[in-house]
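# Architecture and fold: a report
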Amino acid sequence: MKKMNKTIAAVSVLAMTALPIAAFAQTQPADTIQPISAQIQPESKVVPATMGLITEFQNDQSGKFITVTGRGLAATDQSEIILSITKDTKIIDAKGKTVPLKTVIDEKRVVKAFYGPNITKSLPARGTLLTLVVQDYTFTAIDGTVDSLSKAGFLVKGTDTYSGNDQEIILRVGDQTKLLDQNGNPITEDKIQSGMTLRAFYGPEVMESFPVQAVASYIRVNTEIAEENEAEQEAPGTEGIITSYNDGKMTVAGHPLEQGGTNYIILSVDEATQIVDEEGNVLNKEALKEGAYVQAFYPQVMIMIYPAQSHADKIIVRKGEAPKVEGTIEASDFAGEGKVYVNVGSDSVKENDIVLNLSDDTVIIPVIGGDTALKPGMKITAFHSMVMALSMPGITNAEVILVQEDPSVSLPE
């Protein structure tokens with residue numbers, strides 16, 4: 001009897017041991033080897049995006065568009081872009097709830113605008129808005145230059161990115177501040193030096209002092225600008241306005257730099273020419289528009305003809321454009337000391353005529369053999385300030401005047 005009990009117990013133990021093995025075998029397919037292609041995970045797609053504020057809204061027959069100005073989420077993304085809104089565009093908050101576009105614009109809410117990879121090469125670029133993720137806060141930004149460093153932070157002088165107003169602010173780097181160089185690489189605060197240009201985001205909280213102070217949330221600084229400034233301090237150049245640009249030839253009229261240069265020059269622009277904005281961001285040749293404010297650097301050697309000719313080594317494109325008018329200077333009661341009346345279009349229409357204020361900063365380029373005195377009968381091309389008095393005729397400040405024809409000058413036969 002004892003032998004039988006031992007035999008039954010041994011069989012029971014073997015049966016219990018075999019149960020998990022049998023169960024495991026039943027749950028597995030006959031062929032457990034997966035094909036190689038099934039084991040490879042698909043690569044995640046990175047969608048380009050711009051984070052900032054909506055600075056323009058357009059809704060007309062051509063479609064519905066927004067302009068987002070701020071910074072790219074990745075180093076290669078756009079800092080400003082025009083995006084078309086389609087029926088497939090989603091405008092949501094961080095929880096996925098739909099948000100009215102009007103609310104986003106009125107409350108100046110920060111957005112993350114995700115768009116397709118197919119964008120134009122224009123300035124700013126244009127694309128199609130896929131998703132607009134609305135944040136529950138706002139901020140502001142400054143484009144400027146580091147003026148000085150202190151224990152309180154670093155003083156930045158420049159312009160408000162969104163309003164364009166002159167601004168000074170002391171910025172501090174906090175624990176949450178994202179600090180990057182021009183290539184999008186993280187840097188430490190001790191890399192920041194006077195003379196470097198940057199774009200910084202901060203607020204909405206600021207310390208009411210003079211100048212105001214704030215902790216920056218994001219700073220992108222051009223760390224190469226200090227070395228570039230040293231080289232630029234030795235190179236001649238012209239700071240002024242592009243008066244024409246055709247077939248790789250750019251004409252600039254303005255003021256020579258302190259280290260040398262001329263007030264009127266034709267520069268050849270090619271692949272060796274460095275074209276950047278005030279922050280040091282690389283631009284293409286499409287940024288070289290007639291009326292654009294630039295600072296152009298060129299070699300010491302120039303072809304000594306009128307105007308002088310040289311090669312553009314570097315061009316810094318500044319913000320804004322100067323409107324252009326063409327016409328004839330006429331005698332008028334509106335003219336006088338430091339003012340000239342311009343018959344725009346040299347016609348009988350008076351509604352579009354303007355009065356140009358002249359100052360020491362006005363650059364006057366005469367014809368060959370002429371002088372800088374402006375007289376009735378001269379045909380001119382003028383570039384003037386964007387600000388114009390709402391009067392009849394309009395009054396504005398002349399920045400550059402090119403005399404195209406002077407009746408008092410007899411050209412050699």
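Residues numbered from 1 in each chain as written. Predicted model: local features only at pLDDT ≥ 70, side-chain atom pairs only at ≥ 80, totals over all residues. Heavy atoms only, no water.

We now examine the overall build of the protein. Looking only at helices and strands, the protein features four helices and 24 strands. With 413 residues in all, the protein has 40% of them scored as buried. Here the protein has roughly 24,200 Å² of accessible surface; of this, 55% comes from carbon and sulfur atoms. (Helix = DSSP H or I, 4+ residues; strand = E, 2+ residues; numbered from the N terminus. Buried < 20%, exposed > 50% of the residue type's maximum accessible area, 1.4 Å probe, protein only. Areas by Shrake-Rupley, 256 points an atom, 1.4 Å probe, with all protein chains shown as cover.)

So, about the nonpolar core. Among the nonpolar cores identified, the biggest contains 18 residues, and Met250, Leu267, Val269, Leu288, Ile315 and Val317 are the most heavily contacted of them. Considering every element that reaches this core, the biggest residue donor is strand S16 (residues 292–297), with three residues. Residue contacts for Val269: discarding those within four places in its chain leaves Tyr245, Gly248, Met250, Ile275, Lys285, Leu288, Ala312 and Ile315. (Core = buried A, V, L, I, M, F, W, Y, C linked by side-chain atoms within 4.5 Å. Contact = heavy atoms within 4.5 Å.)

Now for the layout of surface pockets. Estimates place the volume of the second largest pocket at around 260 Å³. Surrounding the second largest pocket, 15 residues form its lining, Gly203, Val215, Ala216, Ser217 and Tyr218 being those nearest its centre. Looking at the lining of the second largest pocket, the elements with two or more residues in it are strand S9 (166–180) and strand S11 (212–221). Broken down by element, the lining of the second largest pocket gets its largest block of residues, five residues, from S11. Of the residues assigned to the lining of the second largest pocket, the class counts are eight nonpolar, four polar and three charged. (1 Å grid on protein atoms, 1.4 Å probe; cavity = no way out; pocket = protein on both sides within 12 Å on 5 of 7 lines; lining within 4 Å. Points joined across faces, edges and corners; volume = space filled by probe spheres on them. Nonpolar A, V, L, I, M, F, W, Y, C, P; charged D, E, K, R; others polar.)

Moving on to unusual backbone geometry. For the bond running from Gly203 to Pro204, omega is 15°, close enough to zero to count as cis. Tracing the sequence through the fold places Pro204 in the loop between strand S10 (197–202) and S11. Cis geometry marks the peptide bond from Phe210 to Pro211; its omega dihedral reads -10°. Here Lys108, not a glycine, exhibits a phi torsion of approximately 50°, which is positive. The phi angle at Asp247 is positive, at roughly 50°, despite the residue not being glycine.

Here the focus is the pairing of S10. With six of six residues buried, S10 is to be regarded as a mostly interior element. Burial of the side chains of S10 extends over both faces: Thr197, Arg199 and Phe201 are buried on one face and Leu198, Ala200 and Tyr202 on the other. In terms of strand pairing, S10 meets S11 through five bridges, oriented antiparallel. Counted as the bridge partner of Arg199 is Arg220 from S11. (Pairing = 2+ DSSP bridges.)

Here we come to the packing of aromatic side chains. Taken as a whole and judged by the stated rule, the model has five aromatic pairs. Here the aromatic rings of Phe139 and Phe201 are separated by 5.0 Å at their centres, their planes lie at 55°, and the arrangement is tilted. Within this pair, whereas Phe139 is found in the loop between strand S6 (125–134) and strand S7 (140–150), its partner Phe201 is found in strand S10, the two being separated by 62 residues in sequence. Look at Phe201 and you get buried, because its relative accessible area is 1%. Grouped by ring-pair contacts, the aromatic residues Tyr137, Phe139, Phe201 and Tyr218 constitute a single cluster. Above the face of the Phe65 ring, Arg126 is positioned so that its terminal group lies 5.3 Å from the ring centre. (Phe/Tyr/Trp six-rings, centres within 6.5 Å; stacked < 30°, edge-to-face > 60°. Lys NZ or Arg CZ within 6 Å of the ring centre and 35° of its normal.)

Turning our eyes to something else, we now look at the pattern of salt bridges. In total, this model carries 13 salt bridges according to the counting rule given. Across the pair Glu278 and Arg318 runs a salt bridge whose closest N-O atoms are separated by 3.3 Å. Placement of the pair is Glu278 in the loop between strand S15 (274–277) and S16 and Arg318 in strand S18 (residues 314–321), with a sequence separation of 40 residues. Look at Arg318 and you get partly exposed, because its relative accessible area is 26%. It is possible to trace a salt-bridge network through shared partners that takes in Asp143, Arg199 and Lys319. (Salt bridge = Lys/Arg side-chain N within 4 Å of Asp/Glu carboxyl O.)

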